[in-house]
Amino acid sequence: MKIVIPGGTGQVGNILNRALSAAGHEVVVLTRRPVREGEVHWDGATLGPWAAAVDGSDVVINLAGRSVSCRYTPANLQEMMSSRVDSARVVGEAIAAAARPPRVWLQMSTATLYAHRFDAPHDEATGVVGGSEPGVPDYWANSVEIAKAWERAQEEARTPDTRKVALRSSMVMSPDRGGVFDVLLRLARLGLGGPVAGGAQYVSWIHDRDFVRAVEFLTDRGDLTGPVNLTAPAPLPQRGFMRALRAAWGVPVGLPATKWMARLGAFALRTDTELLLKSRRVVPGRLLEAGFTFAYDAWPEAADDLVRRVRGARAAG
């Protein structure tokens, strides 16, 4: 198949590019700064020569959007919104204009759409959209509004010959340098991987190989459209999540952090405490109903595998 990945130079894009290329597919990455073979320039907002890559392709997987690992200033929030909405809109325009449109458009979204909660998990049928829940900072609603606008841009695209799926993804865990697992493992190795603000907030996650398998599954399943949660079926509280990660590496103790300590740490890392404190208890209802099976459905086994791969890469390099 020919697979086009707009915004495919980040962590998730590299994961997909490696796996899909290894499986024998032709992968074209749309990026603002093409440097390698198979990369094509686009600006993420306007139609251009890049649209020729979409015409005649089989699958488009749009991952474009500014990283959420930043300070949530008004300027950064606006860039997070515009980069997602503009890229989804223009991908829809390219598909609509194609003489031979792709059969499926997988659009990245986020499990952050769901409300901060501890009492029950969110699936696609019964999950509660966030933005108005009590007891959380008002600015957390920005992330929900960005997610809603992101999905709406895909929904409103007039692409009748192309099936559309919104990937409500949790954090994708891979051994790659610079990814979220790399950051969390570094904290654990430094002895800082204890509970944050009590550690009761849920962490939703997905192993990188299950993420790839889920993308392949959704590509092949012509009966699935609309939002799909891409997350492992067993989210767990942050304290247990980090305990399992410490055990996988062999770190006996992780220092706890209060909310104000989390704020200082987030400031130092130039990120935001929402990423640490929001409870994301999300489960893959539609994937499980459709018969998808996870190779890594529990975090301790997933963490063990990721740690083995990190150590193997370091030994080889």
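The coordinates are above.
To start, this report covers the structure provided alongside it. (Residues numbered from 1 in each chain as written. Predicted model: local features only at pLDDT ≥ 70, side-chain atom pairs only at ≥ 80, totals over all residues. Heavy atoms only, no water.)

1. Overview of the nonpolar core
Nonpolar side chains tend toward joint burial in soluble globular proteins.
Okay, so step 1: Ranked by internal contacts, the top residues of the largest apolar core, which has 34 residues, are L16, I61, F211, L218, L230 and L287.
Okay, so step 2: Not counting the four nearest positions on each side in its chain, I61 is found in contact with I3, V4, I5, P6, L16, L20, L106 and V215.
Okay, so step 3: In terms of nonpolar packing, the next biggest core, distinct from the first, is built from 23 residues, F181, A232, Y296 and W299 among them. (Core = buried A, V, L, I, M, F, W, Y, C linked by side-chain atoms within 4.5 Å. Buried < 20%, exposed > 50% of the residue type's maximum accessible area, 1.4 Å probe, protein only. Contact = heavy atoms within 4.5 Å.)

2. Some points on the packing of aromatic side chains
Okay, so step 1: Inspection of the entire model under this criterion finds 7 aromatic pairs.
Okay, so step 2: For the pair F241 and W299, a centre-to-centre distance of 4.2 Å together with 10 degrees between the ring planes defines the contact as stacked. Linking F241 in helix α7 (residues 238-249) with W299 in helix α11 (residues 299-316), this pair joins segments that are 58 residues apart in sequence.
Okay, so step 3: Of the aromatic side chains, those joined through ring pairs into one cluster are F181, W205, F241 and W299.
Okay, so step 4: One Lys or Arg, R311, reaches over the ring of W249 and ends 4.0 Å from the middle of that ring. (Phe/Tyr/Trp six-rings, centres within 6.5 Å; stacked < 30°, edge-to-face > 60°. Helix = DSSP H or I, 4+ residues; strand = E, 2+ residues; numbered from the N terminus. Lys NZ or Arg CZ within 6 Å of the ring centre and 35° of its normal.)

3. Some details on the sheet that holds strand β5 (residues 104-110)
Okay, so step 1: Reading across from one edge, β3-β2-β1-β4-β5-β6-β10 is the order of the 7 strands in this open sheet, with parallel pairing throughout. Edge positions in the sheet fall to β3 (39-41) and β10 (226-230), since each of these pairs with one other strand and no more. With strand direction ignored, the average angle separating the axes of adjacent strands in the sheet is 25 degrees.
Okay, so step 2: Sheet topology places strand β6 (residues 163-169) next to β10; 5 bridges connect them, and they run parallel. Bridging from a neighbouring strand, R168 pairs with N229 of β10. (Pairing = 2+ DSSP bridges. Axes fitted to C-alpha atoms, helices over the stretch in contact; angles between N-to-C directions.)

4. As for the packing of helix α1 (residues 11-22) against helix α6 (residues 208-220)
Okay, so step 1: Between α1 and α6, whose axes approach to 10 Å, the crossing angle comes to 65 degrees. Classified by the angle between their axes, α1 and α6 sit roughly perpendicular to one another. Considering how the two elements wind past one another, α1 and α6 form a crossing that is right-handed. Seen from α1, the contacting residues are V12, I15, L16, A19 and L20; seen from α6, they are D208, F211, V212, V215 and E216. (Parallel < 35°, antiparallel > 145°, perpendicular 65-115°, else oblique. Left-handed = near helix turned anticlockwise from the far one by under 90°.)

5. What to know about α7
Okay, so step 1: Its 12 residues place the ends of α7 17 Å apart at the C-alpha level, agreeing with the 16 Å of an ideal helix rising 1.5 Å per residue.
Okay, so step 2: With 9 of its 12 residues buried, α7 lies for the most part within the structure.
Okay, so step 3: Three or more residues of α7 are buried, namely Q238, G240, F241, M242, A244, L245, R246, A248 and W249. (Expected span 1.5 Å × (residues − 1).)

6. Focus on the packing of helix α5 (residues 180-189) against α11
Okay, so step 1: Closest axis-to-axis distance for the α5/α11 pair is 12 Å, and the angle between their directions is 90 degrees. When the axis of α5 is compared with that of α11, the two are roughly perpendicular. Contacts from F181, L185 and R189 in α5 reach W299, L306, V307, V310 and R314 in α11.
Okay, so step 2: A breakdown of the residues in the contact of α5 with α11 according to their chemical character gives 6 nonpolar, no polar and 2 charged. (Nonpolar A, V, L, I, M, F, W, Y, C, P; charged D, E, K, R; others polar.)

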